[in-house]
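# Summary of the model geometry
Residues per chain are reported as follows:
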Amino acid sequence: MRKRNESVTVEHERSAAAAAAAVPGPLDKGCSLRRSLRLPASAAAEGMKRPLGRRYGLWFRFRKLLLWLLGMYIAIPFLVKLCPAIQAKLVFLNFVRVPYFIDLKRPQDQGLNHTCNYYLQPEEDVTIGVWHTVPAALWKNARGKDQLWFEEALGFSHPVILYLHGNAGTRGGDHRVELYKVLSSLGYHVVTFDYRGWGDSIGSPSERGMTYDALHVFDWIKARSGDNPVYIWGHSLGTGVATNLVRRLCERETPPDALILESPFTNIREEARSHPFSIYRYFPGFDWFFLDPITTSGIKFANDENVKYISCSLLILHAEDDPVVPFHLGKKLYNIAATSRSFRDYKVQFVPFHTDLGYRHKYIYRSPELPRILR
């Protein structure tokens, strides 16, 4: 019994000693509290690494994006070289239909109440949409009239302008519609159309096809206009179509009464090389990668060559602040035409529009001087 009691007592004392050791004394209390508030060394290191890791992650993503953009920048020239059709698409931009959601069958929706929509067929499997706006003086007579009346109206005593628009968009483009209104107010018939592959016209675009479409419409006009003057007006890429057309007309000895070129270039290679939006113009081998595929696709639009074979009056209009076709190309084309023998019996005029006017690439129609210039 005594041994058992002694063992119980010893055990009890050991437990008490262990409990006493576990309770901190007055001096150790603050120290152990401070120790308990300290973060483990691994946790502190992890907290410091988080901002660094975040920064490193952002830099890694940024660098990855830069490498991807650089790879695309280098790959695109090879892609264009291997697929010349891509470059042709970029020249024509016929897939860009601006403004969207307009019904080209209803020109009156664009404020052209004295305009009729036609469809002509230059070739088999090719159909082109045409707008014919009569002079403003015939506005009241035109209301409610059918296509036959509009065709007969071409024979009335008013001059006719065949308008050839540039790339992208349709015959219903905003700046184009505004020009039709201005020309109509000045007493002109305005006939315009979408080349094959543009707007609601059916067919595949090509320089040859665009020129043939223009020739077909010109002949269609001449068959109905009698002795009324017929002028051809080309804008931007349409100047290439216009000089192709007029050169062909002069070769067959049926020239128009005058040719008007708005924002023209010399040829498509120089235009592509000078285009302000070309981010590759300083790329090594730019001509081989980008310009040769254009030529391979059969696209030349050689205005500088065509004007040497044109024999009719020529008027060139160009804004100094044109951001699409640089002003110096229009001036260069004028210098070529002015010294050409084919124009020795005809007037060649160049009209610049100062930068302060802000007419840029497609707003020359706003000029209050335009009526006087055309007269």
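Residues numbered from 1 in each chain as written. Predicted model: local features only at pLDDT ≥ 70, side-chain atom pairs only at ≥ 80, totals over all residues. Heavy atoms only, no water.

## Things to note about the overall build of the protein chain
What the protein chain contains, in helices and strands, is 14 helices and eight strands. In the protein chain, which comprises 375 residues, the share counted as buried stands at 45%. The contacts of the protein chain with a sequence gap of at least 6 include a subset with a gap of at least 24, amounting to 74%. As presented, the protein chain carries roughly 20,500 Å² of accessible surface, and 58% of it is formed by carbon and sulfur atoms. (Helix = DSSP H or I, 4+ residues; strand = E, 2+ residues; numbered from the N terminus. Buried < 20%, exposed > 50% of the residue type's maximum accessible area, 1.4 Å probe, protein only. Contact = heavy atoms within 4.5 Å. Areas by Shrake-Rupley, 256 points an atom, 1.4 Å probe, with all protein chains shown as cover.)

## Topic: helix α7 (residues 174-185)
When the terminal C-alpha atoms of α7 are compared, their 17 Å separation across 12 residues agrees well with the 16 Å that a helix rising 1.5 Å per residue should span. Of the positions making up α7, those classed as buried are His 175, Arg 176, Val 177, Leu 179, Tyr 180, Leu 183 and Ser 184. In this fold, the buried residues of α7 make contact with β2 (126-133), β3 (160-164), β4 (189-193), β5 (230-235), β6 (258-262) and α14 (370-374). Just downstream of α7, Gly 187 is the residue with a positive phi angle, here 100°. (Expected span 1.5 Å × (residues − 1).)

## Section: unusual backbone geometry
Cis rather than trans, the peptide bond between Val 98 and Pro 99 has omega equal to -5°. Mapping Pro 99 onto the fold places it in the loop between α4 (84-92) and β1 (115-123). One non-glycine residue with positive phi stands out, namely Ser 236, at about 55°. Checked against the element boundaries, Ser 236 lands in the loop between β5 and α9 (237-251).

## Some thoughts on the nonpolar core
In terms of nonpolar packing, the biggest core is built from 64 residues, with Phe 92, Leu 162, Leu 164, Phe 193, Ile 232, Leu 259 and Phe 301 touching the most fellow members. Listed in part, the 25 residues of the second largest apolar core include Val 190, Leu 315, Val 351 and Ile 373. (Core = buried A, V, L, I, M, F, W, Y, C linked by side-chain atoms within 4.5 Å.)

## Section: the pairing of β3
Among the five residues of β3, five are classified as buried, and the element is accordingly described as predominantly covered. Of the two faces of β3, the one lined by Val 160, Leu 162 and Leu 164 and the one lined by Ile 161 and Tyr 163 are each fully buried. Relative to β4, β3 runs parallel, the two being bridged by four bridges. Bridging from a neighbouring strand, Tyr 163 pairs with Thr 192 of β4. Remark: the β3/α7/β4 crossover connection has right-handed handedness. (Pairing = 2+ DSSP bridges. Right-handed = clockwise from strand over helix to strand, strands pointing away.)

## A short note on the pairing of β2
The buried fraction of β2 is high, at seven of eight residues. By the bridge criterion, seven bridges tie β1 to β2 in an arrangement that is antiparallel. Its bridge partner being in β2, Glu 123 is matched across the sheet by Val 126. Two successive antiparallel strands, β1 and β2, enclose a turn made up of two residues, where Asp 125 displays a positive phi of approximately 70°.

## Notes on the packing of aromatic side chains
All chains considered together, the criterion is met by 14 aromatic pairs. Where Phe 193 meets Tyr 195, the ring centres are 5.3 Å apart and the plane angle is 80°; that geometry is what we call edge-to-face. For the pair shown, Phe 193 and Tyr 195 are each scored as buried. Pairing Tyr 195 with Trp 198 gives two aromatic rings, centres 5.2 Å apart and planes at 75°, and the pair type is edge-to-face. A relative accessible area of 0% places Trp 198 in the buried class. An aromatic cluster of at least three residues, connected via ring pairs, comprises Phe 92, Phe 193, Tyr 195 and Trp 198. The ring of Tyr 363 carries the charged tip of Arg 366 above its face, separated from the ring centre by 4.2 Å. (Phe/Tyr/Trp six-rings, centres within 6.5 Å; stacked < 30°, edge-to-face > 60°. Lys NZ or Arg CZ within 6 Å of the ring centre and 35° of its normal.)

## Describing the side chain of Arg 176
Examined against the element boundaries, Arg 176 turns out to sit in helix α7. Residues contacting Arg 176, with those up to four places away along its chain left out, are Tyr 163, His 165, Gly 166, Asn 167, Ala 168, Gly 169, Thr 170 and Arg 171.

## Side note on the packing of α4 against helix α11 (residues 286-296)
At a closest axis distance of 8 Å, the pairing of α4 and α11 adopts a crossing angle of 85°. Taken together, the axes of α4 and α11 lie roughly perpendicular to each other. Residues Pro 84, Gln 87 and Val 91 of α4 form the contact with α11, whose participating residues are Phe 290, Pro 293 and Ile 294. For the contact of α4 with α11, the per-class residue count stands at five nonpolar, one polar and no charged. (Axes fitted to C-alpha atoms, helices over the stretch in contact; angles between N-to-C directions. Parallel < 35°, antiparallel > 145°, perpendicular 65-115°, else oblique. Nonpolar A, V, L, I, M, F, W, Y, C, P; charged D, E, K, R; others polar.)

## Observations regarding the sheet that holds β6
Read across the sheet, eight strands follow the order β1-β2-β4-β3-β5-β6-β7-β8 without closing on themselves; strand pairing throughout is mixed. In the strand order of this sheet, the two ends are held by β1 and β8 (348-353), each with one partner. Neighbour-to-neighbour, the strand axes of the sheet open up by a mean angle of 20°, direction not taken into account. Where helix α8 (residues 207-225) meets the sheet, its contacts fall on β1, β2, β3, β4 and β5, and the angle it forms with β1 comes to roughly 120°.

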